[in-house]
Amino acid sequence: MIRVVSHTPVECEKLVAAQRAGNWIDAMRAFVPEPAKLYTWWSYRAPDWAAADKGRRLDHIWVAPELGDRVSAIRVTKQTRGWARPSDHVPVTATVEA
């Protein structure tokens, strides 16, 4: 969907560069490794967004290296996309142990 709606290659490169520069750990990918799909956004264009299940990962949780082993869970609350007046983004949370 790069020609329809997506991040440009330059935007993707800048995001990766920022992550590397800060040594940020992608907490979500620690639990859902690539190439598995990890969506946090579903377009309003599809009449049945759940059936189409075509989305994007637009929301991230990055943590400092010191917290990396303390993230015990992540949650993408997909069902909220089906609410009566939803956002196209869904809540994304992480559990960080003390």
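Quick notes on the rules
- Residues numbered from 1 in each chain as written.
- Predicted model: local features only at pLDDT ≥ 70, side-chain atom pairs only at ≥ 80, totals over all residues.
- Heavy atoms only, no water.
- Salt bridge = Lys/Arg side-chain N within 4 Å of Asp/Glu carboxyl O.
- Helix = DSSP H or I, 4+ residues; strand = E, 2+ residues; numbered from the N terminus.
- Buried < 20%, exposed > 50% of the residue type's maximum accessible area, 1.4 Å probe, protein only.
- Contact = heavy atoms within 4.5 Å.

A. Representation of the pattern of salt bridges in the model. In the structure shown here, the tally under the stated rule is two salt bridges. We note a salt bridge from Asp 53 to Lys 78, for which the minimum N-O separation is 3.3 Å. A residue pair is termed long-range when its members are at least 10 positions apart, and Asp 53 in the loop between α3 (49-52) and β3 (55-56) and Lys 78 in the loop between β5 (71-76) and β6 (92-96) qualify at 25 residues. Its relative accessible area of 31% is what places Lys 78 among the partly exposed residues.

B. Spatial organisation of the side chain of Asp 26. With respect to the helices, strands and loops of the structure, Asp 26 is situated in strand β1 (residues 25-26). In this view, Asp 26 contacts Gln 19, Arg 57, Ile 61 and Trp 62; residues no more than four positions away in its chain are not counted.

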